[in-house]
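Chain residues, written in single-letter form:
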Amino acid sequence: MAMTAVARETVFALRRQIAKIEGTLPERLAAPAAAPFDADVNTDLTIVRRGIAAALPDAFLPIGVGRLDAALSGGLPKAALSEIHGLETRDAGAVAGFALSLTSLILKQTPGLPVLWIGTSEIFREAGFPYARGLHASFGIEPEQLLFSEAPRLVDALWVAEEAARMTALAAVILEIRGNPQRLDLTATRRLHARAQAAGRPVFLLRQAAGPEPTAAPLRLIVASAPAVPRDTIAGPLAGSIGRPAFTLTIGKSRTALPGQFTLEWNPDERAFDERAGEARDRAKNPVPVVSLSGGGKDPAPASGAVLAFPVVGSPISPAARDQPSRPQRTAHLGPRRAG
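Residues numbered from 1 in each chain as written. Predicted model: local features only at pLDDT ≥ 70, side-chain atom pairs only at ≥ 80, totals over all residues. Heavy atoms only, no water.

A. Structural detail: the pattern of salt bridges. Enumeration over the complete set of coordinates arrives at 13 salt bridges. Between R207 and E213 there is a salt bridge; the shortest N-O distance is 2.7 Å. On the accessibility criterion, R207 (0% relative accessible area) is buried. In the salt-bridge network here, residues are joined through shared partners; they are E83, R207, E213 and R220. (Salt bridge = Lys/Arg side-chain N within 4 Å of Asp/Glu carboxyl O. Buried < 20%, exposed > 50% of the residue type's maximum accessible area, 1.4 Å probe, protein only.)

Structure, rendered in structure tokens:
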């Protein structure tokens, strides 16, 4: 019996350490699957593992896609740190677009509050800033609702994010980081996650060209751009047109969901996500190669002919070339311009 008691205490101590690392209370781990709660009482129950703890009805931000929300047990946690990864630098636009789509959903529930976007000078030089007119046209976000903080160093950006994460006057906080810096360790993400829980506001950690590593964020989504499909009309898909922006979303880490992949389209008119159906996914595949095959392939590009500015000396001059004025007769504005 003594050994059993010692083993039980050891297991409980390990569970407490895991709960501290994940930013959760150990009492939640022992909560029953159908734990009743009073909606009038300010409880702080969140899902830690599937079927173990209960959650308040408004604890999640629904994406609006049934399959994805069911996989995430309701959507993105509102009062938590969530990671949005781009595996390569060229995915920065898709990651930012997906974050702005989530921001549009958040501002529907908390109108009038601004969103703070924090990044280093390196980040904004590489990926740029969102276009003001595009914010309103595509996401329904007024330019004055999106605030930017450009920090010279990563340590300054982390400090601003930690201070902003505790403010209830912001609808959300977005922190954009490049790569896997040492300062963005488990301790730093635990502080961000704890302050997001205390304020009841989401904190999105956007990561450019970053690899997976241990963090306190309960959710990690990997986002990349997906090919657009032609626009749908009454007569069918409109050939040669470009449809709505699309994202390939992969659940890389979640406390409540198994890994999975989804293709989402953002509807800028409805300000909502739609999941791309199988027929649309087939239309998104481009059967035409972007670059012609090499000379040894099955479909080599035709050899280009001779392109000359002036006829070769000794070659017959065409009637069209015979009518062209000589060089001294050309007007001044047709001459070459100086680069300087």
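B. Quick peek at the side chain of E162. Looking at where E162 falls in the secondary structure, it is placed in helix α7 (residues 154–165). Exposure remark for E162: the relative accessible area of 9% places this residue in the buried category. In this structure the side chain of E162 is engaged in a polar contact, spanning 2.9 Å, whose partner is the side chain of R191. Dropping the residues within four chain positions of it, E162 is found in contact with R191, L192 and R195. (Helix = DSSP H or I, 4+ residues; strand = E, 2+ residues; numbered from the N terminus. Polar contact = N/O pair within 3.5 Å; in protein donor to acceptor, adjacent residues only side chain to side chain. Contact = heavy atoms within 4.5 Å.)

C. Spatial organisation of the pairing of strand β3 (residues 81–86). Taking burial as the measure, the 6 residues of β3 include 6 buried ones, the bulk of the element. The side-chain alternation of β3 yields two buried faces, one formed by L81, E83 and H85 and the other by S82, I84 and G86. Note that β3 and strand β7 (residues 203–208) share 6 bridges and pair parallel. Opposite I84, over in β7, you have L206 as the bridge partner. The pairing of β3 with strand β8 (residues 219–226) spans 4 bridges and is parallel. Its bridge partner lying in β8, S82 is registered against L219. (Pairing = 2+ DSSP bridges.)

D. Representation of the packing of aromatic side chains within the structure. Scanning the model with the defined rule gives 9 aromatic pairs in all. Pairing F98 with F273 gives two aromatic rings, centres 5.6 Å apart and planes at 40 degrees, and the pair type is tilted. You can see F98 sitting in helix α4 (residues 92–109) and its partner F273 sitting in strand β13 (residues 272–275), a full 175 residues away along the chain. The buried category is assigned to F98, whose relative accessible area is 1%. Note on W266 and F273: the rings are 4.9 Å apart at their centroids and 65 degrees apart in plane angle, and the pair reads as edge-to-face. The exposure classification of W266 matches that of F273, with both residues buried. Put simply, the rings of F98, F139, F247, W266 and F273 touch in pairs and so form one group of aromatic residues. (Phe/Tyr/Trp six-rings, centres within 6.5 Å; stacked < 30°, edge-to-face > 60°.)

E. Highlighting helix α8 (residues 186–199). For α8, with 14 residues, the first-to-last C-alpha span of 20 Å sits near the 20 Å given by 1.5 Å per residue. At the C-terminal side of α8, G200 shows a positive phi close to 70 degrees. (Expected span 1.5 Å × (residues − 1).)

F. Layout of the packing of α7 against α8. Interhelical geometry of α7 versus α8 gives an angle of 20 degrees and a closest axis separation of 8 Å. Taken together, the axis directions place α7 and α8 in an arrangement best described as roughly parallel. Viewed along their axes, α7 and α8 form a crossing whose handedness is left-handed. Contacts between α7 and α8 involve A161, E162, E163 and A165 from the former and R191, L192, R195, A196 and A199 from the latter. (Axes fitted to C-alpha atoms, helices over the stretch in contact; angles between N-to-C directions. Parallel < 35°, antiparallel > 145°, perpendicular 65-115°, else oblique. Left-handed = near helix turned anticlockwise from the far one by under 90°.)

G. Broad picture of the pairing of strand β12 (residues 261–267). A large share of β12 lies buried, amounting to 6 of its 7 residues. For strand β11 (residues 246–254) and β12, the ladder comprises 5 bridges, and the chain directions are antiparallel. Pairing of T248 across the sheet is with T263, part of β12. The turn linking β11 back onto β12 is made up of 6 residues. Relative to β13, β12 runs antiparallel, the two sharing 4 bridges. Bridging from a neighbouring strand, N267 pairs with A272 of β13. Between β12 and the antiparallel strand that follows it, β13, lie 4 residues; R271 among them carries a positive phi value of about 55 degrees.

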